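Residues per chain, in single letters:
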Amino acid sequence: MANDLVTAAPAPASARVLVLNGPNLNLLGTREPGIYGALTLADLEQRCRQHGAALGLQVECFQSNHEGALIDQIHAWGALHRQGQALGVVFNPGAYTHTSIALHDAIKGVEPLPVIEVHISNVHARESFRHHSWIAPVAAGSIIGFGPDGYLMALEALARRAAGLGTKR
C-alpha cells in the first residue's frame, strides 16, 4: 500500500498531518508494557515522522493530558484544513475516547477534516468500559489493536485519501 505513495519531493503544506495523542500516552515505554509495548512516545513520534516523509507527508506531533488542549489542536487543524494547509489528523484520544463528548463535538465541528482514531491496544478485548467510543461516530475511520503500527496505517490511509485512492466518509 505505501509503495504506491512513496515520493522524494518535499511535502507541500496541504500534506501536513497532525499526530495527536491524549492522556497518559506520554508514559509509553513505561506504562503497562505488556499492553502498550516498550516504544516511548518520542520513538513513536519519530517513526511517524519518518513513515510520513516516505509517504510525502509532513508529520507534526502533539500530546497532552488535558482535554481542552486536545480540543484546541482539533480546532486549529480544522481551520488549517479549510485553508488547504493540512491533510488530516491521526488521533489517539486515550481514555477520553470513552468519556469525552467535548472531543466528539470538536471533531464534528471541524468536518470535513479527516480524523482517524487510533488505539495501540484492542480496546474491545479489554475492560467493558473501554468498548464504547465517542470518537468513532465522527472519525473518518478507526484503527484498533495493531500496536504502534496502527499510527503508520493511519498515515497511509490519509495519504491514500489525498491521492484519491481511499474512501471518503
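Note that the structure is a prediction, hence the values are computed from the model and not measured.

Rules used throughout
Residues numbered from 1 in each chain as written. Predicted model: local features only at pLDDT ≥ 70, side-chain atom pairs only at ≥ 80, totals over all residues. Heavy atoms only, no water. Pairing = 2+ DSSP bridges. Helix = DSSP H or I, 4+ residues; strand = E, 2+ residues; numbered from the N terminus. Axes fitted to C-alpha atoms, helices over the stretch in contact; angles between N-to-C directions. Salt bridge = Lys/Arg side-chain N within 4 Å of Asp/Glu carboxyl O. Buried < 20%, exposed > 50% of the residue type's maximum accessible area, 1.4 Å probe, protein only. UniProt positions renumbered as here; feature names shortened; annotations may be inferred. Contact = heavy atoms within 4.5 Å.

Some details on the sheet that holds strand E3 (residues 88-92)
- Spatial ordering of the open sheet is given by E2-E1-E3-E4-E5, a layout of five strands whose pairing is parallel. Looking at strand neighbours, the two that pair on one side only are strand E2 (58-63) and strand E5 (141-144), the edges of this open sheet. Going across the sheet, the axis of each strand differs from the next one's by a mean of 20°, ignoring polarity.
- The pairing of strand E4 (residues 115-119) with E5 spans four bridges and is classified as parallel. Across the sheet, His119 pairs through a bridge with Ile144, a residue of E5.

Let's talk about the pattern of salt bridges
- Under the defined criterion, the tally for this structure stands at two salt bridges.
- Across the pair Asp149 and Arg47 runs a salt bridge whose closest N-O atoms are separated by 2.8 Å. Remark: Arg47 occurs in helix H2 (residues 41-54) and Asp149 occurs in helix H5 (residues 149-162); sequence separation between them is 102 residues.
- Exposure remark for Asp149: the relative accessible area of 38% places this residue in the partly exposed category.
- On the basis of relative accessible area, Arg47 is assigned to the partly exposed category, the value being 29%.

Brief notes about the UniProt feature "site: Transition state stabilizer" (unreviewed entry) in the protein
- As recorded in UniProt, the sites labelled "site: Transition state stabilizer" (unreviewed entry) are Arg31.
- Tracing the backbone through its elements, the reader meets Arg31 in the loop between strand E1 (16-21) and helix H1 (33-36).
- For Arg31, a relative accessible area of 23% puts it in the partly exposed group.
- Beyond its immediate stretch of four places on either side in the chain, Arg31 contacts Asn24 and Tyr36.

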